[in-house]
Amino acid sequence: MDLDSKIYVAGHRGLVGSAIVRKLKEKGYTNIIYRTSKELDLTDRTQVDQFFAEEKPEYVFMAAAKVGGIVANNEYPADFIRDNIMIQTNVIDASYQNNVKKLLFLGSTCIYPKYAPQPMNEDSLLTGELEPTNEPYAIAKIAGIKMCEAYNRQYGTNYISVMPTNLYGPNDNFDLETSHVLPALIRKFHEAKINSKHTVEVWGTGNPKREFLHSYDLADATVYLMNHYEENQFVNIGVGKDLPIKELAEKIKSVVGYEGEIVFNTDKPDGTPRKLVDVTKLSNTGWEASISLDEGLKSTYDWFLNNIENGTRVTK
Ligand SMILES: NC(=O)C1=CN([C@@H]2O[C@H](COP(=O)(O)OP(=O)(O)OC[C@H]3O[C@@H](n4cnc5c(N)ncnc54)[C@H](OP(=O)(O)O)[C@@H]3O)[C@@H](O)[C@H]2O)C=CC1
Ligand SMILES: C[C@H]1O[C@H](OP(=O)(O)OP(=O)(O)OC[C@H]2O[C@@H](n3cnc4c(=O)[nH]c(N)nc43)[C@H](O)[C@@H]2O)[C@@H](O)[C@@H](O)C1=O
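An account of the accompanying structure is given in this report. Every value quoted in this text rests on a predicted model; they were computed, and no experiment measured them.

1. Describing the site of ligand 1
Reasoning step 1: Near ligand 1 lie 26 residues; those nearest to it are Val16, Ser37, Leu42, Tyr137 and Lys141.
Reasoning step 2: Take Arg13: an N or O atom from its side chain is 3.2 Å from an oxygen atom of ligand 1.
Reasoning step 3: Between an oxygen atom of ligand 1 and a main-chain N or O atom of Gly14, the distance comes to 3.1 Å.
Reasoning step 4: In isolation ligand 1 has 900 Å² of accessible area, and contact with the protein removes 86% of it.
Reasoning step 5: For the shell around ligand 1, the elements supplying multiple residues, two or more each, are helix H1 (15–26), helix H5 (135–155) and strand E6 (166–168).
Reasoning step 6: Classifying every residue of the shell around ligand 1 gives 13 nonpolar, 10 polar and three charged.

So this is what it looks like as structure tokens:
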């Protein structure tokens, strides 16, 4: 990408999209375009076609999607498969119709089989059954990967896909029903502390292990790969280290400074027991993460204190 290339970041207000815009600006890119979902509903093909025909972006970062944690995925499976298939199909095909030079599609590590050998490498795709709590979302993401590969093969496009591990950082979703574990626990411990509550509920047994990557590291990796990666096969993005949810909860409890007890609600699902990604392929490109989980938790809690009230964004 040249510094004046026209770059469309889809989903620029979200966790990932906002970090990508920040990174592009930091690196000196000057011609970045974006739209909110109100201005451009990516599930609507007519609106998408009109936008691409008018704007003619040269590069596309596909960070717009319907995203949610384990319970949201489990309760709204139809919304997750429908919206994601529509959004990605519209954007990928409109990119082809309008000669986009390169597109980066964001998948997720839930595309791997529930019991894939750990750490999970890229060759594990489609080798076993998926985790039921997020199967519809994972199938939409697998369709996105395969669509990029198929367009490259049939039409000679240059579309790459990345599979990030669980992410966190500024502009995350802090809604207690629909968010992922890390932002949910930051909010739960914080509210318990200020309201002097004696216990905090953590879903599941606390035994599943997860790997966490800061959104700024992810954004750095996506811009790096947009400039340096050309292979048809997707690439994992992670840190190569995971921890049990129980330990994550203890860390967040300590960062927030909460002194009560943790209670596990085993009526809530655990999901995949473990999904550590193999980052060998990524490391071979020369990229590695730089923000440690301890550092990232502290800065994300600071961001939360300055920007979130009652679970929603306020600008202080
Ligand atoms: N969060 C995570 O832990 C992980 C995320 N990913 C992937 O990263 C990508 C981004 O996720 P994340 O940033 O967390 O998600 P967010 O929910 O934070 O952001 C998603 C963005 O998508 C936009 N969007 C949703 N629906 C539409 C629509 N119909 N039309 C236009 N825009 C729409 C929203 O725009 P608006 O704000 O304007 O409504 C929003 O800004 C996704 O593909 C996700 O699968 C992968 C692995 C882990
Ligand atoms: C990124 C990824 O995100 C989802 O998969 P997940 O990793 O299972 O997501 P999660 O962050 O919601 O949960 C991780 C673990 O944490 C436990 N947990 C404890 N307490 C809370 C809690 O308060 N909220 C949440 N959400 N989880 C909690 C929870 O029970 C589970 O054991 C999918 O959408 C999937 O499609 C996807 O791609």
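2. Thoughts on the nonpolar core
Reasoning step 1: Core analysis: the largest hydrophobic core is formed by 39 residues, its most contacted members being Tyr8, Leu42, Phe52 and Leu103.
Reasoning step 2: Every element with two or more residues in this core is listed here: strand E1 (7–10), helix H2 (45–55), strand E3 (59–62), helix H4 (77–97), strand E4 (102–106), H5 and strand E5 (159–164).
Reasoning step 3: Examining the composition of this core, we find that seven residues originate from one element, H5, more than from any other.
Reasoning step 4: Once residues lying within four places of it in the same chain are set aside, the contact partners of Phe52 are Tyr8, Pro57, Val60, Val91, Ala94, Ser95, Asn98 and Val100.

3. Quick word on the sheet that holds E5
Reasoning step 1: Taken together, six strands build an open sheet; the order of strands is E2-E1-E3-E4-E5-E10 and the sheet is parallel. Either end of the sheet is taken by a strand with one partner, and the two such strands are strand E2 (32–33) and strand E10 (235–237).
Reasoning step 2: Relative to E3, E1 runs parallel, the two sharing four bridges. Opposite Val9, over in E3, you have Phe61 as the bridge partner.
Reasoning step 3: In this fold H1 packs onto E1, E2, E3 and E4, with an angle of close to 155° to the strand it touches most, E1.

Cut-offs applied
Residues numbered from 1 in each chain as written. Chains lettered and ligands numbered in written order. Predicted model: local features only at pLDDT ≥ 70, side-chain atom pairs only at ≥ 80, totals over all residues. Heavy atoms only, no water. Near = heavy atom within 4 Å. Polar contact = N/O pair within 3.5 Å; in protein donor to acceptor, adjacent residues only side chain to side chain. Areas by Shrake-Rupley, 256 points an atom, 1.4 Å probe, with all protein chains shown as cover. Helix = DSSP H or I, 4+ residues; strand = E, 2+ residues; numbered from the N terminus. Nonpolar A, V, L, I, M, F, W, Y, C, P; charged D, E, K, R; others polar. Core = buried A, V, L, I, M, F, W, Y, C linked by side-chain atoms within 4.5 Å. Buried < 20%, exposed > 50% of the residue type's maximum accessible area, 1.4 Å probe, protein only. Contact = heavy atoms within 4.5 Å. Pairing = 2+ DSSP bridges. Axes fitted to C-alpha atoms, helices over the stretch in contact; angles between N-to-C directions.

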